[in-house]
Amino acid sequence: PFVLSSDVPQFSSIDAAINKICSLLSQLPPVGFSFEEIGKILQPGRTDDVLANKKYGENHVKTAESLGLAFSENRKYFLSAVGSVFPSLTKYQKDQLISRLALRNSLVYNVLYKVLNGHDVTITDEISFLSESTVKRRKNNSLIFCRLIGLNQDFQVQAFLERIK
């Protein structure tokens, strides 16, 4: 599949984009939340800076959305059915699920396809269609995101994941 800029994740904390967002939003009524509201929920009392909260919320909920844990409707974000039950799963179940959900992402899929076919992969090459400054900002997150599939011990891909740089 063709990799889009939306397939290249941007987050400050993968835990916040997966566990924290599901845990906190599942405790609230499903009214839908703006980026700013999600930023405030994820970082209560951290800052009153509207733009900072908005960006933090946007980055994390879009990452959750790319995994199928959240969805948007009329510029409001909600937990999906999977995101709603996610907090009640065991760590093992969460790891199994996230490793599979990560395969929905075109970047992850393409990288995995290449390494399973014997190629070394450089993330910067895979996301080179982005501006140089964006590549620098998102390279580490892309590596983290691609390595989510390694959470699943059944996949036995650890040796292949070492081929991703």
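What counts, and where the lines are drawn
Residues numbered from 1 in each chain as written. Predicted model: local features only at pLDDT ≥ 70, side-chain atom pairs only at ≥ 80, totals over all residues. Heavy atoms only, no water. Pairing = 2+ DSSP bridges. Helix = DSSP H or I, 4+ residues; strand = E, 2+ residues; numbered from the N terminus. Axes fitted to C-alpha atoms, helices over the stretch in contact; angles between N-to-C directions. Parallel < 35°, antiparallel > 145°, perpendicular 65-115°, else oblique. Contact = heavy atoms within 4.5 Å. Nonpolar A, V, L, I, M, F, W, Y, C, P; charged D, E, K, R; others polar. Buried < 20%, exposed > 50% of the residue type's maximum accessible area, 1.4 Å probe, protein only. Salt bridge = Lys/Arg side-chain N within 4 Å of Asp/Glu carboxyl O.

Caption draft 1: Expanded view of the pairing of strand β1 (residues 70–73). Pairing of β1 with strand β2 (residues 76–79) involves four bridges; the strand directions are antiparallel. Its bridge partner being in β2, S72 is matched across the sheet by Y77. The hairpin turn running from β1 into β2, its antiparallel successor, is two residues long, and N74 in that turn takes a positive phi close to 55°.

Caption draft 2: Fine view of the packing of helix α1 (residues 14–25) against helix α2 (residues 35–42). Closest axis-to-axis distance for the α1/α2 pair is 10 Å, and the angle between their directions is 90°. Here α1 lies roughly perpendicular to α2, going by the angle between them. Contact residues: α1 offers A16, K20, I21, L24 and L25, while α2 offers I38, I41 and L42. Of the residues that constitute the contact of α1 with α2, the class distribution is seven nonpolar, no polar and one charged.

Caption draft 3: Fine view of unusual backbone geometry. One non-glycine residue with positive phi stands out, namely N74, at about 55°. Structurally, the position occupied by N74 is in the loop between β1 and β2. Despite not being glycine, R75 shows a phi value in the positive range, around 60°. In this structure R75 comes out as exposed when scored by relative accessible area, which is 77%.

Caption draft 4: Expanded view of the pattern of salt bridges. By the definition in use, this model includes seven salt bridges. Between E36 and K40 there is a salt bridge; the shortest N-O distance is 3.4 Å. One end of the pair, E36, and the other, K40, are both in helix α2, four residues apart, so they sit about a helical turn from each other. You can call E36 partly exposed: its relative accessible area is 23%. For K40, a relative accessible area of 43% puts it in the partly exposed group. Taking the shortest distance from any N to any O, the salt bridge between K55 and E58 comes out at 3.3 Å. With K55 and E58 both in helix α3 (residues 50–66), this residue pair falls three residues apart, about one helical turn. Exposure remark for K55: the relative accessible area of 44% places this residue in the partly exposed category.

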